[in-house]
Amino acid sequence: MTEVLHLPVAVSAIDRDYLMRENPDLFDLLWENPNTRVLALFEGKTLLRSGEAGDSPELRFLTVEEVTSAQLRVYLGKTLHDSSAEPAGSPIVLAVLSPNSAKQLEPSEKAWHQLRRSGAGLSERDSELYATALSLANWHQSHLYCPKCGSPTVIVRGGWVRTCFNDSFEVFPRTDPAIIVSVTDSEDRILLGSQASWDENRWSVLAGFVEPGESLNHAVVREVFEESGLRVINPRYLGSQPWPYPHSLMLAFTAQIDPTFAHLPATPDGQEIIRLRWFSRQDIIAEADSILLPGKSSVSYALISHWFGGQLPTPEAW
Ligand SMILES: [Zn+2]
């Protein structure tokens, strides 16, 4: 599928090296390799390399010696390109730390970053590694027991599978697909919604999870109808972005209002969405100082700016 949107995690900068996951001596080999780097995660937070103020943030990778204990280790793969600190081919291992290990490694709470807020500006490689690491960490945390018999599961294949201790049932990491959609009308305005828990003037495109048995197109049409009462046609795929909260994949679409039902008003569902509004490009420009739009690293920003035809004039909000 063609990716139309410019998104942080559009091209892989990691060789996932999946065959190596089968190697029974995997972690021994990784620990012997002087180029192995460890990405530490503690309660979803990670460390960033300290740079000059204004520099783009970079993940701080550690040596094997620096990370002496971990609750969970996953082999994420090898880097494909040279970077300032890691040569191409450096193996990267995720280490999920206990509170004690995290404190020992980096006592300052402020040094541990939740990247949902400060992740904008990470390189494609770092964005992908962080999204992969956090998705896997979240998945492991909620799959400690076998879904068939309730016995404990154990980690195998470099951290990419869990198997049941009792019946060997295999549990694979899950990714939950969600659609996110920019809806436009005959005047090429965009429909944005506001959620109950949000600030008064914060707006974004509509989104929702794909349900069992649905195609992506069906999910787009249903979600827009449920959240706005509007009927859309021609869903068109524009790109995707991993969203590791806890382990989703956002599939971005654009769709148009069905002219047959164009007279229908946009009616918020009152639960997820409490306000809906059609914005023209002039509205966005005129209200740039007062409306809050999604942060730049998000797929929702990419969708709105794709419709707008360039960078949005609003300040970086969230
Ligand atoms: Zn079982």
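Numbers given to residues run from 1 along each chain, matching the order in which its sequence is written. In keeping with the predicted nature of the model, local features appear solely for residues at pLDDT of at least 70, side-chain atom pairs appear and are counted solely at 80 or more, and the whole-chain, interface and lining totals rest on all residues. To get the side-chain values, take all heavy atoms of the structure and skip hydrogens and water.

1. What about the coordination of the zinc ion?
For a metal bound by four donors in tetrahedral geometry, the ideal donor-metal-donor angle is 109.5 degrees, whereas six donors in octahedral geometry ideally sit at 90 or 180 degrees.
Then comes step 1: Note on donors: an N, O or S atom is included if it sits within 2.8 Å of the metal, or within 3.2 Å for Na, K and Ca, and water is never included, so sites can look incomplete. Ligation of the zinc ion by protein atoms is provided by Cys146 (SG), Cys149 (SG), Cys164 (SG), Asp167 (OD) and Asp167 (OD), these donors lying 2.3 to 2.5 Å from the ion.
Then comes step 2: Mapped onto the sequence, the residues coordinating the zinc ion show the spacing C-x2-C-x14-C-x2-D.
Then comes step 3: Given the relative accessible area of 35%, Cys149 is considered partly exposed. Exposure is judged per residue with a 1.4 Å probe applied to protein chains only, and the accessible area is read against the type maximum: over 50% gives exposed, under 20% gives buried, and values in between give partly exposed.

2. Observations concerning the packing of aromatic side chains
Then comes step 1: Pairing of aromatic side chains here covers Phe, Tyr and the six-membered ring of Trp, requires ring centres within 6.5 Å, and sorts the geometry by plane angle: under 30 degrees stacked, over 60 edge-to-face, intermediate tilted. This model, assessed by the stated rule, comprises six aromatic pairs.
Then comes step 2: Seen in terms of ring centroids, Phe27 and Trp31 are 6.0 Å apart; in terms of plane orientation they differ by 80°. Their pairing is edge-to-face. In this pair, Phe27 and Trp31 both sit in helix α1 (residues 26-32), four residues apart, roughly one turn of the helix.
Then comes step 3: For Phe27, a relative accessible area of 26% corresponds to the partly exposed category.
Then comes step 4: Look at Trp203 and Phe279: their rings are 5.4 Å apart centre to centre, the planes differ by 70°, and that puts the pair in the edge-to-face class. Here Phe279 lies in strand β15 (residues 273-279) and Trp203 lies in the loop between β11 (190-195) and β12 (206-209), a separation of 76 residues in the sequence.
Then comes step 5: Counting as a charge over the ring demands two things of the Lys NZ or Arg CZ atom: a distance within 6 Å of the ring centre and an angle within 35 degrees of the ring normal. The ring of Phe225 carries Arg231 above its face, with NZ or CZ at 3.8 Å from the centroid. The way it works is that DSSP assigns letters per residue, a run of H or I at least four long becomes a helix, a run of E at least two long becomes a strand, and they are numbered from the N terminus.

3. Thoughts on the pattern of salt bridges
Then comes step 1: Basic side-chain nitrogens of Lys or Arg form a salt bridge, by our definition, when they fall within 4 Å of a carboxyl oxygen of Asp or Glu. For the coordinates displayed, the defined rule picks out 16 salt bridges.
Then comes step 2: Note that Glu86 and Arg49 form a salt bridge whose closest N and O atoms lie 3.5 Å from each other. Highlighted residues: Glu86 in the loop between β4 (72-79) and β5 (91-96) and Arg49 in the loop between β3 (46-47) and β4, separated in sequence by 37 residues.
Then comes step 3: Take Arg49: its relative accessible area is 28%, and that puts it in the partly exposed class.
Then comes step 4: Notably, a salt bridge pairs Asp185 with Arg189, separated by 2.7 Å at the nearest N-O pair.
Then comes step 5: On the basis of relative accessibility, which here comes to 25%, the residue Arg189 falls in the partly exposed class.
Then comes step 6: Among the ionic contacts, a cluster of salt bridges with common partners joins Arg49, Glu58, Glu86, Arg125 and Asp126.

4. Let's talk about the sheet that holds β4
Then comes step 1: DSSP calls a pair of strands paired once it identifies at least 2 bridges connecting them. If you trace the four strands from one edge of the open sheet to the other, you get β1-β4-β5-β2, paired in mixed fashion. Among the strands making up the open sheet, the edge pair consists of β1 (14-15) and β2 (37-41).
Then comes step 2: Where β4 lies against β5, six bridges are found, and the strand directions are antiparallel. Within β5, the position partnered with Lys78 by the bridge is Pro91.

5. Examining the domain arrangement of the protein chain
A common way to report how large an interface is uses the accessible area buried once the components associate.
Then comes step 1: Residue ranges assigned to each domain were obtained from an automatic or database domain assignment. If you check the domain split of the protein chain, you get domain 1 (14-138), domain 2 (143-174) and domain 3 (176-308).
Then comes step 2: Placing the centre of domain 1 and that of domain 2 at their C-alpha centroids yields a distance of 24 Å.
Then comes step 3: Pairs of residues are marked as contacts when any of their non-hydrogen atoms sit within 4.5 Å. Facing the twelve residues of domain 1 at the interface are six residues of domain 2.
Then comes step 4: Summed over both partners, the interface of domain 1 with domain 2 buries about 720 Å², with 66% contributed by carbon and sulfur atoms.
Then comes step 5: Along the contact surface separating domain 1 from domain 2 lie zero salt bridges.
Then comes step 6: N or O atoms within 3.5 Å of each other form a polar contact, as long as, within protein, one can give a hydrogen and the other can take it, and as long as residues adjacent in sequence are counted only when both atoms are side-chain atoms. For the pair domain 1 and domain 2, the interface holds two residue pairs in polar contact (both at pLDDT 80 or more).
Then comes step 7: Every element with two or more residues in the side of domain 1 that touches domain 2 is listed here: α1, β4 and α4 (124-141). When two components associate, each loses some accessible surface as probed by a 1.4 Å sphere; the sum of these losses over both components is called the buried area.

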